[in-house]
Amino acid sequence: MYYETRTMTPWKHVLPDRSRERVRLKWPAPGLGAARIARHARDARTLERHTMERSTAGTTAMIRADDLSKSYGRTQAVSGLGFAVDAGQICALLGPNGAGKTSTLRMLLGLSAPDTGSARILGRPVGLGAEVLGRVGVLVDGPAFVPHLTGTRNLKLLWSATRRAWPPPALDDALDLAGLGAAIDRKVKGYSTGMKQRLMLAQALMRAPDVLILDEPANGLDPAEVRTLREHLGALARHGAAVLVSSHQLAEVQQFATHIVVMNLGRLVTAGPLADLLGDTDAYRVQLDDPRGAAEVLRRMTGVTAVTARGTEFVVAAPGVAPRDVVQALVTAGIGVTSVQQVSRSLEQVFLTMTEGDTGHAAR
Ligand SMILES: Nc1ncnc2c1ncn2[C@@H]1O[C@H](COP(=O)(O)OP(=O)(O)OP(=O)(O)O)[C@@H](O)[C@H]1O
């Protein structure tokens, strides 16, 4: 994954491309049946071909946005956006309402033409009807089913656009995820919002996609369904797919994303591995068996900038100080230490800090 250094404060420049490694080492996944292994082997060959295409094209990204801009009348929806997603990554595209996420996804899928810049999937430029889009599982613009047809008939109809024989390669897995049971043969007009969303996900996943682009896929799903979706996306990424998901559910994103792209007012705010973003806070939560005198010991320590105590728990802000030094200082002073934990930030805290204060689109 990379980002445009001119538009943001960098954390990491270019990440190593491990896509070849992943394809060779992690395929097929252990514990699969013979039919699935055969299918995965075929898909692995396909991925290998993609990898070669990427090498030939001199680019490593499965999904790539370069300097994308899009305006609607006087509204600048997206402005000079650049990022990329590699094989094996689950990248969450985050931003407040109106940040330009859907506009970006639509450009990446050839559903709308950028004013400037380019969008590439598997190294190929995208446009309406581009062949490469046959390798992409898509959920953008919400469920679009024919209401008087059954779930199965709708899936067949959508699959017919690929001109490939029914059934699609990953139909069983996709239907497992959708969990519609007998309802798959009932008319879609009787489906709840969640059922339609799950059918739409099945539609995106049934083609065993190499790339998945999903706009708010967890909308309308209950917590158990969200967990199933998370596991499914994780498995796909482990098998070498690149996944790009827009979401507002930051706690959920924190559980499954490997990378994030944050945008606001159409522009890139930051991008990179999630772990780097949440990072170390240089603060420790220390449990003591005897808090008396501990505050004094900690405050005297070089590098400690703040100490707050609640009962036997202390939070110690100590930039650049190793946890073992904190423990050593306490133990040397005769204070027993039960546990030391690094204080971590939530994605929500980080996101709000990055995006707060910017409102409206009129001035863009
Ligand atoms: N077809 C359109 N015509 C006019 N304006 C549009 C169109 N599509 C998007 N916009 C405007 O572009 C800006 C970005 O919209 P977009 O839907 O891409 O943001 P978003 O981040 O997906 O928002 P949300 O999270 O609310 O879905 C908004 O100001 C929106 O009103």
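Residues numbered from 1 in each chain as written. Predicted model: local features only at pLDDT ≥ 70, side-chain atom pairs only at ≥ 80, totals over all residues.

**Quick look at the overall build of the protein chain**
Turning to step 1, where the next piece is worked out: Of regular secondary structure, the protein chain possesses 12 helices and 14 strands.
Turning to step 2, where the next piece is worked out: A fraction of 71% describes how many contacts in the protein chain between residues 6 or more apart in sequence connect residues 24 or more apart. (Helix = DSSP H or I, 4+ residues; strand = E, 2+ residues; numbered from the N terminus. Contact = placed C-beta atoms within 7 Å.)

**Remarks on the sheet that holds strand S3 (residues 90–94)**
Turning to step 1, where the next piece is worked out: An order of S6-S7-S8-S3-S9-S10 is seen for the six strands of this open sheet, with the pairing classed as mixed. Pairing within the sheet leaves two strands with one partner each, and these edge strands are strand S6 (136–139) and strand S10 (267–273). Across the sheet, the mean angle from the axis of one strand to that of its neighbour is 10°, orientation sign disregarded.
Turning to step 2, where the next piece is worked out: Across six bridges, strand S9 (residues 259–264) lies against S10 in antiparallel orientation. Note that in S10 the partner of Asn 264 across the bridge is Arg 267.
Turning to step 3, where the next piece is worked out: The sheet contacts of helix H7 (residues 223–238) involve S3, strand S7 (211–215) and strand S8 (242–246), and relative to S8 the element is tilted by about 145°.
Turning to step 4, where the next piece is worked out: Against the sheet, helix H12 (residues 347–355) engages S3, S9 and S10, with an angle of about 30° to S9. (Pairing = 2+ DSSP bridges. Axes fitted to C-alpha atoms, helices over the stretch in contact; angles between N-to-C directions.)

**Remarks on the site of the ligand**
Turning to step 1, where the next piece is worked out: The ligand sits among 12 residues. The nearest are Tyr 72, Ala 77, Asn 97, Thr 102 and Ser 103.
Turning to step 2, where the next piece is worked out: When contributions to the shell around the ligand are tallied by element, the ones reaching two or more residues are strand S2 (75–85) and helix H3 (101–108).
Turning to step 3, where the next piece is worked out: Ranked by the residues each element gives to the shell around the ligand, the list is headed by H3, at three residues.
Turning to step 4, where the next piece is worked out: The class makeup of the residues in the shell around the ligand is three nonpolar, eight polar and one charged. (Near = placed C-beta within 6 Å. Nonpolar A, V, L, I, M, F, W, Y, C, P; charged D, E, K, R; others polar.)

**Points about the packing of helix H5 (residues 171–178) against helix H6 (residues 193–205)**
Turning to step 1, where the next piece is worked out: Across the interface, H5 lies against H6 with an axial gap of 8 Å and an inter-helix angle of 160°. Overall, the two elements H5 and H6 adopt an arrangement that is roughly antiparallel. The handedness of the crossing between H5 and H6 is right-handed. Together, Asp 173, Ala 174, Leu 175, Leu 177 and Ala 178 of H5 and Arg 198, Leu 199, Leu 201, Ala 202 and Leu 205 of H6 make up the contact between the two elements.
Turning to step 2, where the next piece is worked out: When its residues are assigned to classes, the contact of H5 with H6 shows eight nonpolar, no polar and two charged. (Parallel < 35°, antiparallel > 145°, perpendicular 65-115°, else oblique. Left-handed = near helix turned anticlockwise from the far one by under 90°.)

**Re helix H4 (residues 151–160)**
Turning to step 1, where the next piece is worked out: Among all positions of H4, only Gly 151, Asn 154, Leu 155 and Leu 158 are buried. Along the axis of H4, the buried residues cluster in a sector spanning 100°; they form a single face.
Turning to step 2, where the next piece is worked out: Residues of H4 that are buried sit in contact with H6. (Buried ≥ 20, exposed ≤ 12 C-beta atoms within 10 Å, placed from the backbone. Arc of directions from axis to C-beta.)

**A look at the domain arrangement of the protein chain**
Turning to step 1, where the next piece is worked out: For the protein chain, the assigned domains read domain 1 (63–277) and domain 2 (280–344).
Turning to step 2, where the next piece is worked out: For domain 1 versus domain 2, the distance between C-alpha centres works out to 45 Å. (Domains from an automatic or database assignment.)

**Some points on the environment of Ala 257**
Turning to step 1, where the next piece is worked out: Counting through the fold element by element, Ala 257 comes out in the loop between helix H8 (250–256) and S9.
Turning to step 2, where the next piece is worked out: Classification of Ala 257 by C-beta neighbours within 10 Å gives buried; the count is 26.
Turning to step 3, where the next piece is worked out: With 24 residues separating them along the chain, Ala 257 and Leu 233 place their C-alpha atoms 9.5 Å apart.
Turning to step 4, where the next piece is worked out: Among all residues touching Ala 257, those that are not within four sequence positions of it are Ile 90, Cys 91, Ala 92 and Leu 274.

**Considerations on unusual backbone geometry**
Turning to step 1, where the next piece is worked out: Here the residue pair Trp 166 and Pro 167 is connected by a cis peptide bond, since its omega of 5° sits within 30 degrees of zero.
Turning to step 2, where the next piece is worked out: Phi angles above zero are rare outside glycine, and Leu 122 is one such case at about 50°.
Turning to step 3, where the next piece is worked out: With respect to the helices and strands, Leu 122 occurs in the loop between strand S4 (116–121) and strand S5 (124–125).
Turning to step 4, where the next piece is worked out: Look at Leu 122 and you get buried, because 26 C-beta atoms sit within 10 Å.
Turning to step 5, where the next piece is worked out: Backbone geometry places Ala 208, a non-glycine residue, at a positive phi of 50°.
Turning to step 6, where the next piece is worked out: Mapping Ala 208 onto the fold places it in the loop between H6 and S7.

**Details of the confidence of the model for the protein chain**
Turning to step 1, where the next piece is worked out: In this model, the protein chain carries a mean pLDDT of 79, and residues with pLDDT of at least 70 account for 80%.
Turning to step 2, where the next piece is worked out: Confidence over residues 359–364 falls short of pLDDT 50; this stretch has eight contacts with residues more than four positions distant or in other chains.
Turning to step 3, where the next piece is worked out: Model confidence for the complex is summarised by a pTM of 0.72, with the ipTM given as 0.97. (pLDDT = per-residue confidence, 0-100.)

**Remarks on H12**
Within an α-helix, residues lying three or four positions from one another point in the same direction, as the helix has 3.6 residues per turn.
Turning to step 1, where the next piece is worked out: If you check which residues of H12 are buried, you get Leu 347, Val 350 and Phe 351. Projection of H12 onto a plane perpendicular to its axis shows the buried side chains occupying an angular sector of 100°, all on one side.
Turning to step 2, where the next piece is worked out: If you follow the buried residues of H12, they end up packed against S3, H8, S9 and helix H9 (274–278).

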